[in-house]
2 protein chains.
Amino acid sequence: MLEDEHFEVINNRNCVMIYAMDILGGKWRLPILWKLYQNKTMRYNELKRSLVGITNIMLTRSLQSLEENGLVNRVEFSQIPPRVEYSLTDSGLELVPALEVIYNWGQDKIST
Amino acid sequence: MLEDEHFEVINNRNCVMIYAMDILGGKWRLPILWKLYQNKTMRYNELKRSLVGITNIMLTRSLQSLEENGLVNRVEFSQIPPRVEYSLTDSGLELVPALEVIYNWGQDKIST
């Protein structure tokens, strides 16, 4: 990021939120983070099974994006068959309080 | 919502999060809620000016969706020229702690 852009972004409270939503927005990213928070580490197929309705393309893209943005760790074990495990990074864990608020809010809303 | 669907949704922690993201996901909805939280009530044009890059279509659709889902109040004053003001409902205010976590997270991430 250029120095000027950086300056502009951190001085605009609106832009911080838009920046955050570029990383977190979309249908699947927060549900993926929530699943990883609940289960600590998960394999690709476990994640896929737990997220009803997600396609391989959406799961792969979401995981790549979350990994690139430092929210999710991807650890590959050299074995046959290959095993890949996903978990939250420290930066991902910082979002857990927000996930909990959103989860509780959703649950209240569904029950009323 | 049918009784069976309702039962299924509230018994699936994954579905609650997906349900919440159907309402909150997308690039603009949390930034709009955040702006309304900071400014209490805002007119359409104030919102538009404060959300750099948003189009009329995106702002109108996002506000309609947030209003339909009970997050945003829309109050129309019968005067010339007509005045419309938006603010957070109690349900919208419940999300503020999540918005604050996401905002602080975004700010930390931009500064590092």
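As shown above, the structure is provided for reference.
A. Fine view of the relation of the copies chain A and chain B. Least-squares fitting of chain A to chain B yields an RMSD of 0.0 Å, with the superposition described by an axial translation of 0.0 Å and a rotation of 180 degrees. Seen this way, the second copy is the image of the first under a two-fold rotation axis. For chain A, the minimum C-alpha distance to the rotation axis belongs to Ala98(A) and amounts to 2.0 Å. Taken as a fraction of all interface residues of chain A, those also at the interface in chain B reach 98%, which identifies the copy contact as same-surface.

B. Main features of the interface of chain A and chain B. Counting residues at the interface gives 45 residues for chain A and 44 residues for chain B. Here chain A and chain B share an interface that buries about 4200 Å² over both sides, 70% of which is from carbon and sulfur atoms. The tally of links between chain A and chain B comes to two salt bridges. Between Lys27(A) and Asp22(B) there is a salt bridge whose closest N-O contact spans 3.2 Å. One can count six residue pairs in polar contact (both at pLDDT 80 or more) joining chain A with chain B. The leading source of residues in the side of chain A that touches chain B is helix 7 (residues 96-111) of chain A, at 13 residues. Here the residues of the side of chain A that touches chain B sort into 26 nonpolar, twelve polar and seven charged.

C. Local environment of the packing of aromatic side chains. All names here are of chain A. Using the criterion set out here, one finds four aromatic pairs over all chains in the structure. An angle of 20 degrees between the planes, with centres 4.9 Å apart, marks the rings of Trp34 and Tyr103 as stacked. One end of the pair, Trp34, is in helix 3 (residues 29-39); the other, Tyr103, is in helix 7, and 69 residues separate them in sequence. Across the pair, exposure class does not vary: Trp34 and Tyr103 are buried alike. Following the ring pairs from residue to residue traces out a cluster consisting of Trp34, Tyr37 and Tyr103. Over the ring of Trp28 we find Lys27, and its NZ or CZ is 5.4 Å from the ring centre. Residue placement shows Arg83 over the ring face of Phe77; its charged tip is 4.1 Å from the ring centre.

D. Broad picture of helix 7 of chain A. Here helix 7 of chain A contains 16 residues, and its C-alpha end-to-end distance of 22 Å stays within 8% of the 22 Å for a straight helix at 1.5 Å per residue. The complete set of buried residues in helix 7 of chain A reads Val96(A), Ala98(A), Leu99(A), Ile102(A), Tyr103(A), Trp105(A), Gly106(A) and Ile110(A).

E. The nonpolar core, seen in detail. Within the largest apolar cluster, 67 residues are counted, with the highest numbers of intra-cluster contacts made by Ile32(A), Leu33(A), Ile32(B) and Leu33(B). For Ile32(B), the residues in contact, after removing those within four places along its chain, are Leu47(B), Leu51(B), Ile54(B), Leu59(B), Ser62(B), Leu63(B) and Leu66(B).

Cut-offs used in this document
- Residues numbered from 1 in each chain as written.
- Chains lettered and ligands numbered in written order.
- Predicted model: local features only at pLDDT ≥ 70, side-chain atom pairs only at ≥ 80, totals over all residues.
- Heavy atoms only, no water.
- Least-squares fit on C-alpha atoms with pLDDT ≥ 70 in both.
- Contact = heavy atoms within 4.5 Å.
- Buried area = accessible area lost by both parts, 1.4 Å probe.
- Salt bridge = Lys/Arg side-chain N within 4 Å of Asp/Glu carboxyl O.
- Polar contact = N/O pair within 3.5 Å; in protein donor to acceptor, adjacent residues only side chain to side chain.
- Helix = DSSP H or I, 4+ residues; strand = E, 2+ residues; numbered from the N terminus.
- Nonpolar A, V, L, I, M, F, W, Y, C, P; charged D, E, K, R; others polar.
- Phe/Tyr/Trp six-rings, centres within 6.5 Å; stacked < 30°, edge-to-face > 60°.
- Buried < 20%, exposed > 50% of the residue type's maximum accessible area, 1.4 Å probe, protein only.
- Lys NZ or Arg CZ within 6 Å of the ring centre and 35° of its normal.
- Expected span 1.5 Å × (residues − 1).
- Core = buried A, V, L, I, M, F, W, Y, C linked by side-chain atoms within 4.5 Å.

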